[in-house]
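Working through the structure, step by step
Here's the letter readout for the chains.
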Amino acid sequence: LTLAVLAVFFALPSHAQDPEARSKFFPLGTDGTLECTWNDVENPEDIQLVKWTFKGRRLREGKRFSYSREGNSHRLHIKNVVKKDKGTYYCSPKVRTDQVLGDGQLVVSVDKARLPTPPAARNLQLSEGGTGSIYCNYAEAK
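Since the structure is predicted, the reported quantities are computational estimates derived from the model, not experimental observations. (Residues numbered from 1 in each chain as written. Predicted model: local features only at pLDDT ≥ 70, side-chain atom pairs only at ≥ 80, totals over all residues. Heavy atoms only, no water.)

**Some words on unusual backbone geometry**
Positive phi outside glycine occurs at Lys55, with the angle close to 50°. Checked against the element boundaries, Lys55 lands in the loop between β4 (47-54) and β5 (57-58). With a relative accessible area of 57%, Lys55 lands in the exposed category. The backbone phi angle of Asn80 is positive, close to 55°, even though this residue is not glycine. Positionally, Asn80 belongs in the loop between β7 (73-78) and β8 (87-95). (Helix = DSSP H or I, 4+ residues; strand = E, 2+ residues; numbered from the N terminus. Buried < 20%, exposed > 50% of the residue type's maximum accessible area, 1.4 Å probe, protein only.)

**Description of the pattern of salt bridges**
One pass over the structure, following the stated rule, counts 2 salt bridges. The partner of Arg75 in a salt bridge is Glu35, with the nearest N and O atoms 2.7 Å apart. Taken together, the residues span a long stretch of sequence, with Arg75 in strand β7 and Glu35 in strand β3 (residues 32-37) at a distance of 40 residues. Of the residues examined, Arg75 reaches a relative accessible area of 17% and is grouped as buried. For the salt bridge of Asp85 with Arg64, the shortest nitrogen-to-oxygen distance reads 2.7 Å. Residue Asp85 is located in the loop between β7 and β8, and its partner Arg64 is located in the loop between β5 and β6 (65-70); the two are separated by 21 residues in the primary sequence. With a relative accessible area of 2%, Asp85 lands in the buried category. (Salt bridge = Lys/Arg side-chain N within 4 Å of Asp/Glu carboxyl O.)

**Focus on the sheet that holds β6**
Two modes of strand pairing occur in sheets, parallel and antiparallel, and in both the strands are linked by backbone hydrogen bonds. Read from one edge of the open sheet, 3 strands run β3-β7-β6, paired in antiparallel fashion. With partners counted over all chains shown, the strands left at the sheet margins are β3 and β6, one partner each. Pairwise comparison of adjacent strand axes, ignoring direction, gives a mean angle of 20° for this sheet. Here β6 pairs with β7 via 6 bridges, running antiparallel. What sits directly across from Phe65, in β7, is Ile78. (Pairing = 2+ DSSP bridges. Axes fitted to C-alpha atoms, helices over the stretch in contact; angles between N-to-C directions.)

**Structural notes on a nonpolar patch on the surface**
Taken together, the side chains of Leu124, Leu126 and Ile134 make up a nonpolar region of the molecular surface, amounting to roughly 350 Å² of accessible area. Among the secondary structure elements, Leu126 is positioned in the segment after β9 (104-112). (Patch = residues over 30% accessible without salt bridge, like charges linked within 9 Å, V, L, I, M, F, W, Y side chains within 5 Å. Areas by Shrake-Rupley, 256 points an atom, 1.4 Å probe, with all protein chains shown as cover.)

**With respect to the side chain of Arg75**
A polar atom in the side chain of Arg75 sits 2.7 Å from the side chain of Glu35. When sequence neighbours within four positions are dropped, the list of residues in contact with Arg75 reads Thr33, Leu34, Glu35, Trp52, Ser66, Tyr67, Ser68, Arg69 and Glu70. (Polar contact = N/O pair within 3.5 Å; in protein donor to acceptor, adjacent residues only side chain to side chain. Contact = heavy atoms within 4.5 Å.)

**Examining the packing of aromatic side chains**
In this structure the tally under the stated criterion is 1 aromatic pair. Aromatic pair Phe54 and Tyr89: ring centres 4.2 Å apart, planes at 20°, arrangement stacked. On the criterion of sequence distance, the pair formed by Phe54 in strand β4 and Tyr89 in strand β8 is long-range, its members being 35 residues apart. The exposure classification of Phe54 matches that of Tyr89, with both residues buried. (Phe/Tyr/Trp six-rings, centres within 6.5 Å; stacked < 30°, edge-to-face > 60°.)

As structure tokens, then:
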């Protein structure tokens, strides 16, 4: 069993993103979220809007893309991630004040998931007419 995933690698200005959130994986066909956060902004309302661009084109809200914000964090939601979503995304803030904020750059690549090594086989005994459960957990797929 092989799953295809979308890997998101973040390369943002030091003041723009939490360093812990450098990469994420999204399985193809699911929804993915990219986030830019500007920690140096005194008032989150000073960021009027964030322009998201991909392959030189501005991403408009619609069928596949939507935006959200919470404080200084701005998100791009991608519905039904597909291979053509591979590339470089930019988040550019428009600010009301004279404060200068850097643009964010998010590099997205497509890769296949590597499933973890399965545990050793175990015997399962059930009485006739009885029920049992077998769990298959691939939450650690990378």
